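Descriptive analysis of the structure
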Amino acid sequence: MVPIKLKGRTISRGCAEGEVLLSRDPISFLGSVDPETGIVVEEKHALAGKSIKGKVLVFPHGKGSTVGSYVMYQLKKNEAAPVAIINLETEPIVAVGAIISEIPLVDMLEKSPYEFLKDGDIVLVNGSEGYIELLKSEGCKTEG
Amino acid sequence: MYLTKEEEQIQSGEAGETLRKAIEILVALGDIYGADRLIPIKSAQIAGVSYKTIGDAGLEWISDLEGQVKVPATLNPAGMDMEDWERLRISPEFAEKQKRIVQAYKKLGIRCGCTCTPYTLEGFSAGYGDHLAWSESSAISYANSVIGARTNREGGPSALSAALLGKTANYGFHLDENRVPEVSISVECSLRESDYGALGYVAGKIIGNRVPIFRIKDTPEKDDLKALGAAMAASGSVALYHVKGVTPEACRLDFREPEEKIIIERSQLDEVYESRKRAGKEPDLITIGCPHCSAAELKKVAELLGGKTVSKETWIFTSRELKNRYPEYIRSIEESGAKIVCDTCMVVSPATNSYSCVMVNSGKAFAYVPGMCGAESVYGDMEVCIEEATGGKGKKAGGSH
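Computed from a predicted structure; not experimentally measured.

All right, on to the overall build of chain B then. Summing up its helical and strand segments, chain B has 16 helices and 14 strands in all. Taking 401 residues into account, the globule formula puts the C-alpha radius of gyration at 21 Å, and chain B, at 21 Å, falls close to it. Once the C-alpha set of chain B is aligned to its principal axes, its extents read approximately 70 × 55 × 35 Å. Burial status across chain B gives 54% buried among its 401 residues. A separation of at least 24 residues holds for 77% of the contacts in chain B among residues at least 6 apart in sequence.

The following block contains the structure:
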């Protein structure tokens, strides 16, 4: 398939690719994610029981305590952080957390990521230039 | 967002990794909120100090930073009295981590007088129109409202980034248009002392994060305004308020009367005081000093406690600087058996967690103690709190009216 490229807004610089993990629920890094393992521990969360480690994590925006920024840093140090993040619209807790943890983050894509990304897709997130590229689509044979 | 040549060089890493990340944080926040550029700040006040709130995650991040702050910067309260932590039964493990956090900030050139009232510190004054990057919610409210300085509600990392760069992004409360009152609050009854904290507690819940202008019959003192703002920043997220005829911007600028009008009556304030009657138990801890006691408040506590002995655990919070400045008040407070505690407060210290019902004269503490310390909170004015502490007069409404 021909890679699909979508423009967005740079929040945190850097470039990484990985497998998409979608969450329609906002994420509070303090309390919802185990900083040792990257597993979502908040009951009833869309990602409950799943690991965000090594994923391109897609979620609408952050919520909860500002300490969440530091938890993202801890995840990174424990090698349990997502490789990149795509948000609908980032708020300061996640923006700051991604920057201090050097996790590339792009938001406000020209199309909603929930419309064209699925779990398991391989995506490149270029935070420095503010775009994402769908490299390999899971189960979508009509494209490309 | 426009960056100068020098700022662009910092962004590309020419001034080192710490500053590169610092400017990236400010630029990202600036982009999110539509800032046009970075502006110089006079001082920074940094939250994210108590090990109880930031944990190992925060400690790791701060320890990894390098360099020196470019403007005067000071810290929010920590999780314990940094010199006398054993007296409140803080565990040695907690104390060790807390010392490492404060040490890591100190290494960056930050003053370690941990207080939520930085505006009382020598050499840390803020004036009308000064741009600041402060992050303690009650200090932000005081700076914006009572001083007429300008600061957003900074998080710990963004305030620290601002301190390292000496700048912040120009958005929000730095701009005239965001400082205009959006809702008018008329207070029908007369107010004294802890009524201001109760009013703030009630008003914050109604107005959320908007900018209110109050019409009050009385003329509040600075400590009254401190209590009002602290409570509104806790029960709501008010970062700026005006009081007609009292606060500097309300006096100097000709604000148009907001369309939305709210009336607050005595009965709404009474409900806060009635927490004392509603409580299922007797207070086992009395705390005063949220935000940290001013000199005038220390004097008043000293007078109320003079010649008496407390029969319940009683903590009076203030900054170390004020403690050292007023030894005579401290002596008469401590002679009663009450403890003067510095560098921390009842909300951010784990010491409070071992009590089940805390009596406070602060709308801010009243809002936070249940969630942050797992204890019930009851409200009363300073005199009633001291009465309770010294084996007072049994169960009553705790009001001052």
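All right, on to the domain arrangement of chain B then. Residues and elements named next belong to chain B. Partitioning chain B into structural domains gives domain 1 (5-176), domain 2 (180-273) and domain 3 (278-389). Taken over C-alpha atoms, the centre of domain 1 sits 27 Å from the centre of domain 2. On the side of domain 2, 16 residues touch domain 1, which itself brings twelve residues to the contact. Here the side of domain 1 that touches domain 2 is composed, by residue class, of five nonpolar, six polar and one charged.

Turning next to the sheet that holds strand E4 (residues 132-134) of chain B. All names here are of chain B. The three strands lie next to each other as E3-E2-E4, forming an open sheet whose pairing is parallel. Each of the sheet's edge strands pairs with one partner strand only, and the pair in question is strand E3 (73-75) and E4. Averaged over neighbouring strand pairs, the angle between their axes works out to 10° when direction is ignored. Where strand E2 (residues 43-46) meets E4, three bridges bridge the pair, whose relative direction is parallel. Bridge pairing in E4 places serine 43 opposite leucine 132. The strands that helix H6 (residues 156-165) touches are E2, E3 and E4; relative to E2, the one it contacts most, it runs at about 150°.

Here we come to the interface of chain A and chain B. At the junction of the two partners, chain A supplies 19 residues and chain B supplies 18 residues. Mapped onto the side of chain A that touches chain B, the elements with two or more residues apiece are strand E2 (9-12), helix H2 (68-77) and helix H3 (92-100) of chain A. Among the residues forming the side of chain A that touches chain B, the class breakdown is eleven nonpolar, five polar and three charged.

Packed helices, taken two at a time, are described by the angle their axes make and the gap between the axes. All names here are of chain B. Two numbers describe how helix H8 (residues 222-235) lies on helix H15 (residues 363-373): the axes approach to 7 Å, and their chain directions differ by 25°. Taken together, the axis directions place H8 and H15 in an arrangement best described as roughly parallel. Counting all contacts with H8, which are made through Ala227, Ala230, Ala231, Ala234 and Ser235, the residues of H15 involved are Gly363, Lys364, Ala367 and Tyr368.

Another aspect to go through is the nonpolar core. Here is a general trend for soluble globular proteins: nonpolar side chains tend to be buried in one another's company. If you look at the biggest cluster of nonpolar residues, it comprises 168 residues, and the most contacted ones within it are Val56(A), Leu26(B), Ala44(B), Ala143(B), Ala163(B), Ile316(B) and Val369(B). In contact with Ala163(B), other than residues within four places in its own chain, are Ala44(B), Ile46(B), Val69(B), Val71(B), Ala73(B), Ile110(B) and Ala133(B).

Right, let's talk about the sheet that holds strand E7 (residues 212-215) of chain B for a bit. Note on sheets: strands pair through backbone hydrogen bonds, and any given pair is parallel or antiparallel. Residue and element names in this part refer to chain B. Here four strands make up an open sheet; going across it, the order is E8-E7-E6-E9 and the pairing parallel. Either end of the sheet is taken by a strand with one partner, and the two such strands are strand E8 (242-243) and strand E9 (260-264). With four bridges joining them, strand E6 (residues 183-187) and E7 adopt parallel strand pairing. The residue of E7 that forms the bridge with isoleucine 185 is phenylalanine 214. Along the sheet, helix H7 (residues 195-207) makes contact with E6, E7 and E9, crossing E9 at roughly 145°.

Rules of the game
- Residues numbered from 1 in each chain as written.
- Chains lettered and ligands numbered in written order.
- Predicted model: local features only at pLDDT ≥ 70, side-chain atom pairs only at ≥ 80, totals over all residues.
- Helix = DSSP H or I, 4+ residues; strand = E, 2+ residues; numbered from the N terminus.
- Rg over C-alpha atoms; globule rule 2.2 N^0.38 Å.
- Buried ≥ 20, exposed ≤ 12 C-beta atoms within 10 Å, placed from the backbone.
- Contact = placed C-beta atoms within 7 Å.
- Domains from an automatic or database assignment.
- Nonpolar A, V, L, I, M, F, W, Y, C, P; charged D, E, K, R; others polar.
- Pairing = 2+ DSSP bridges.
- Axes fitted to C-alpha atoms, helices over the stretch in contact; angles between N-to-C directions.
- Parallel < 35°, antiparallel > 145°, perpendicular 65-115°, else oblique.
- Core = buried A, V, L, I, M, F, W, Y, C linked by C-beta atoms within 7 Å.

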